[in-house]
Amino acid sequence: MVRVRVLVVDDHRIFAESLAAALAAEPDVEVSAAGSGPAALRCLERAAGEGRRFDVLLVDADLGGHVPGARPAVPVQESNEEGLVDGISLVAGVRSAHPGVRTVVLAERDDPRRAALALQAGACGWVAKDCSLSRLLNVIRGVLRDETHLPPALLTGVLRELTAARRHRTESERLVESLTPREREVLRCMVAGLGRKAVAERLFLSPHTVRTHMQNVLGKLGVHSTLAAVALARRAGVGPADLEPTTRLPPEQPNTA
């Protein structure tokens, strides 16, 4: 019998214990549980290192801080890290680090915007926490067949959100394309969280020159803050600069067009 390995990620111990125990009663399902995003990532890494990768991740949409309590029947891995990983951020992280793992978001309420964000982050489904066990098992087995599962009542709202997001992404991409190569590199440094001095050191420029480039980036993108520029860059698919040592770029030629 082919067993499905499921990892439940929820900081509410009673819910995590109950769901894990219910799923573990199925003859073809093997279940573990984690009480936080960092703990879930450690579980995934450890399982991958042992050659026993998880197939499906069930993630609480409202994943937050650790809630202490009695040890459950299915041990919940605790996190010692400060700082929290919310459910949708965890979905994105798992998609990047463990692309073979399917993720399903468990939510207490229907929310088209957050469901759309979850799908964009890489989730394969959005399911109500109070759904029946048979429904949840159908979703788990469905996502393993590359199906996407959403409650019918959410479909229209999610499609509307995804359409709007695509429109915003297209506009953001157009604005980013207006930047010079040097300005794009400065923007990528901003996405990486580097300040003016760090950008200057990385790109072998003076702080004054970096300040000018940053002002030009904000002006061309039509925003008034670094945070807004970073948000727009991410919508356009711009990733952070590689923080490894870089080589000196040649100076830009003046635009005579």
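Every value quoted in this text rests on a predicted model; they were computed, and no experiment measured them. (Residues numbered from 1 in each chain as written. Predicted model: local features only at pLDDT ≥ 70, side-chain atom pairs only at ≥ 80, totals over all residues. Heavy atoms only, no water.)

## Notes on the packing of helix H1 (residues 13-24) against helix H5 (residues 133-143)
Part 1 of the reasoning: Running from N to C, H1 and H5 point in directions that differ by 75 degrees, and their axes come no closer than 11 Å. By the angle class used here, H1 and H5 are roughly perpendicular. For the pair formed by H1 and H5, the contact residues are Leu19, Ala22 and Leu23 on the first element and Leu133, Leu136, Leu137 and Ile140 on the second.
Part 2 of the reasoning: Among the residues making up the contact of H1 with H5, the classes are represented as 7 nonpolar, no polar and no charged. (Axes fitted to C-alpha atoms, helices over the stretch in contact; angles between N-to-C directions. Helix = DSSP H or I, 4+ residues; strand = E, 2+ residues; numbered from the N terminus. Parallel < 35°, antiparallel > 145°, perpendicular 65-115°, else oblique. Contact = heavy atoms within 4.5 Å. Nonpolar A, V, L, I, M, F, W, Y, C, P; charged D, E, K, R; others polar.)

## Some remarks on the nonpolar core
Part 1 of the reasoning: Of all hydrophobic cores here, the largest spans 24 residues; its most connected members are Val176, Leu187, Met190, Val199, Leu221 and Ala229.
Part 2 of the reasoning: Of all the secondary-structure elements, those providing two or more residues to this core are helix H6 (155-177), helix H7 (181-191), helix H8 (196-203), helix H9 (207-221) and helix H10 (226-235).
Part 3 of the reasoning: Residue contacts for methionine 190: discarding those within four places in its chain leaves Met214, Val217, Leu218, Thr226, Ala229 and Val230.
Part 4 of the reasoning: In this structure, Val6, Ala20, Leu23 and Cys124 belong to the second largest nonpolar core, which totals 21 residues. (Core = buried A, V, L, I, M, F, W, Y, C linked by side-chain atoms within 4.5 Å. Buried < 20%, exposed > 50% of the residue type's maximum accessible area, 1.4 Å probe, protein only.)

## Points about the pattern of salt bridges
Part 1 of the reasoning: Summed over all chains, the structure comprises 12 salt bridges.
Part 2 of the reasoning: A salt bridge links arginine 3 to glutamate 30; its shortest N-O distance comes to 3.9 Å. Of this pair, arginine 3 sits in the segment before strand S1 (4-9) while glutamate 30 sits in strand S2 (residues 29-34), and the two are 27 residues apart along the sequence.
Part 3 of the reasoning: Residue glutamate 30 is classed as partly exposed on the basis of its relative accessible area, which comes to 23%.
Part 4 of the reasoning: Put simply, arginine 52 and glutamate 30 hold a salt bridge, and the shortest N to O gap is 2.6 Å. Of this pair, arginine 52 sits in the loop between helix H2 (37-49) and strand S3 (56-60) while glutamate 30 sits in strand S2, and the two are 22 residues apart along the sequence.
Part 5 of the reasoning: By relative accessible area, arginine 52 is classed as partly exposed at 38%. (Salt bridge = Lys/Arg side-chain N within 4 Å of Asp/Glu carboxyl O.)

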